[in-house]
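Residues per chain, in single letters:
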2 protein chains.
Amino acid sequence: MSTADRLIESTRELLWERGYVGTSPKAILERAGAGQGSMYHHFKGKPDLALAAIRRTAEELLGTAEEVLGGPGTPYERIEAYLLRERDVLRGCPVGRLTMDPDVVASDELRAPVDATIARIRERIARIVEEGKRQGQFAAHLDGEEVAAAVLATVQGGYVLARASGSPAAFDAGVRGLLALLRPAAEDGTTTERDAHVDPAGHGA
Amino acid sequence: MSTADRLIESTRELLWERGYVGTSPKAILERAGAGQGSMYHHFKGKPDLALAAIRRTAEELLGTAEEVLGGPGTPYERIEAYLLRERDVLRGCPVGRLTMDPDVVASDELRAPVDATIARIRERIARIVEEGKRQGQFAAHLDGEEVAAAVLATVQGGYVLARASGSPAAFDAGVRGLLALLRPAAEDGTTTERDAHVDPAGHGA
DNA sequence: GTCTATAGGGAGATAGAC
DNA sequence: GTCTATCTCCCTATAGAC
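About the cut-offs
- Residues numbered from 1 in each chain as written.
- Chains lettered and ligands numbered in written order.
- Predicted model: local features only at pLDDT ≥ 70, side-chain atom pairs only at ≥ 80, totals over all residues.
- Heavy atoms only, no water.
- Phe/Tyr/Trp six-rings, centres within 6.5 Å; stacked < 30°, edge-to-face > 60°.
- Helix = DSSP H or I, 4+ residues; strand = E, 2+ residues; numbered from the N terminus.
- Buried < 20%, exposed > 50% of the residue type's maximum accessible area, 1.4 Å probe, protein only.
- Lys NZ or Arg CZ within 6 Å of the ring centre and 35° of its normal.
- Expected span 1.5 Å × (residues − 1).
- Axes fitted to C-alpha atoms, helices over the stretch in contact; angles between N-to-C directions.
- Parallel < 35°, antiparallel > 145°, perpendicular 65-115°, else oblique.
- Left-handed = near helix turned anticlockwise from the far one by under 90°.
- Contact = heavy atoms within 4.5 Å.
- Nonpolar A, V, L, I, M, F, W, Y, C, P; charged D, E, K, R; others polar.
- UniProt positions renumbered as here; feature names shortened; annotations may be inferred.

Scanning the entire structure with this criterion turns up two aromatic pairs over all chains. Taking 5.1 Å as the distance between ring centres and 35° as the angle between the ring planes, the aromatic pair formed by Tyr159(A) and Phe171(A) counts as tilted. Linking Tyr159(A) in helix α8 (residues 144-165) with Phe171(A) in helix α9 (residues 169-182), this pair joins segments that are 12 residues apart in sequence. Classification of Tyr159(A) by relative accessible area gives buried; the value is 5%. Judged by its relative accessible area of 3%, Phe171(A) falls in the buried class. Positioned above the aromatic ring of Trp16(A) is the side chain of Arg91(A), whose terminal nitrogen or guanidinium carbon lies 3.8 Å from the ring centre. Cation over ring: Lys46(B) sits above Tyr20(B), and NZ or CZ is 4.3 Å from the ring centre.

Residue and element names in this part refer to chain B. Taking 1.5 Å as the rise per residue, helix α1 (residues 3-18) with 16 residues should run 22 Å; its terminal C-alpha atoms sit 22 Å apart, in good agreement. Buried within α1 we find Ala4, Leu7, Ile8, Ser10, Thr11, Arg12, Leu14 and Leu15. One or two steps after α1, the chain reaches Gly19, where phi turns positive at roughly 75°.

Residues and elements named next belong to chain B. At their nearest, the axes of helix α7 (residues 108-134) and helix α8 (residues 144-165) sit 8 Å apart, and the two run at 125° to each other. With respect to their mutual orientation, α7 and α8 come out oblique. As for the relative orientation of α7 and α8, their crossing is right-handed in sense. Here Ile118, Ile121, Arg122, Ile125, Ala126, Val129 and Glu130 of α7 lie close against α8, whose contacting residues are Gly144, Glu145, Val147, Ala148, Ala149, Val151 and Leu152. Residue composition of the contact of α7 with α8, by class: 10 nonpolar, one polar and three charged.

Here the focus is the UniProt feature "DNA-binding region" (unreviewed entry) in chain A. Per the UniProt record, "DNA-binding region" (unreviewed entry) is annotated on residues 24-43 of chain A. In this annotation, residues 24-43 of chain A is assigned 75% helix and 0% strand; the end-to-end C-alpha distance for the span is 14 Å.

As structure tokens, then:
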């Protein structure tokens, strides 16, 4: 791994752990095992290095999300897989946490990849919800964009609840709560008062 | 307002805007119009002052939440009121945002009021959901604690989405999405495939 | 109670040797 | 490309005068 790569990787780790404001060039250099000269040779400064790190993290997160959301299964199952996918809950979201960083939000350049990542995942989920509506798996009155926002918010907010309590349990509870609200009647496993017309094969209504 | 109060208030504002790591005693003193001596006379240091500020903010937030959650209306309406209550969305949650602060999470003392506040609101919402279940307004298979976690997570995560995009729209979308999933069939305003046995008077099944 | 002075260390960046 | 030296300013805290 090149020095520039090591710098980026160290920055990614520190941004995740301590955020932008809490991350100093010195800490990055120590973790990367590099000197100041290396950093200022490859990057213009802290914001420039952070931008490279954020872009890489954003790309990776987008890939991870697409792996699950583009996987097999019904729309509900794919959203379920996204919500239940393995996460390092107490570490939080490496992209979402940046929105709490005043310097990141204040910089259009640093915020752009954060915004783009979240927007793309949200659009992806929205399309899946719309697909589920066409298949009769989700109620017709639901709005894809809105449900997608609720799904994403539950994940991002789940991290907040988990970190507040110091335990991943609250994250899991929120996810289970949302899934229970989202679950098609056919998968309820209960004698339900709901009576959705579900197409179990998932090939459309 | 006493000097100690001005210090606490300035700290509250700065913690909200910039978090713990991003807030320096110097900035606090400037905003409060006080000198270093005042601060170190009334407080042991930055963590001590921050603790006082966090406690006050937590108490205030708890009061605001109880105002809405303890208000009139059916269980659904009270949760709706909580989700739709006026918020300074782009500023985020003054308590929730602290969970992204490494120094706050690392300190049991600073994290305690954050944890307690979120836990209490969650328990309050959970009780309301259970009440709604008894009244037949919410499906019997829902778990109060889980739905409450989903509600809180949607709010906390909504702030993340909003700040990422620089617009409150995403917060509102997430809230609307969750409310659509939570809404009793009787209030759908659509010819629905759901068929819940709702008790419109809200006096129990 | 509040002020100014002082202090050791870190943040963020530049310069120039190798 | 990478290193060390250096620089200025800020961070957090203490001391002691008023």
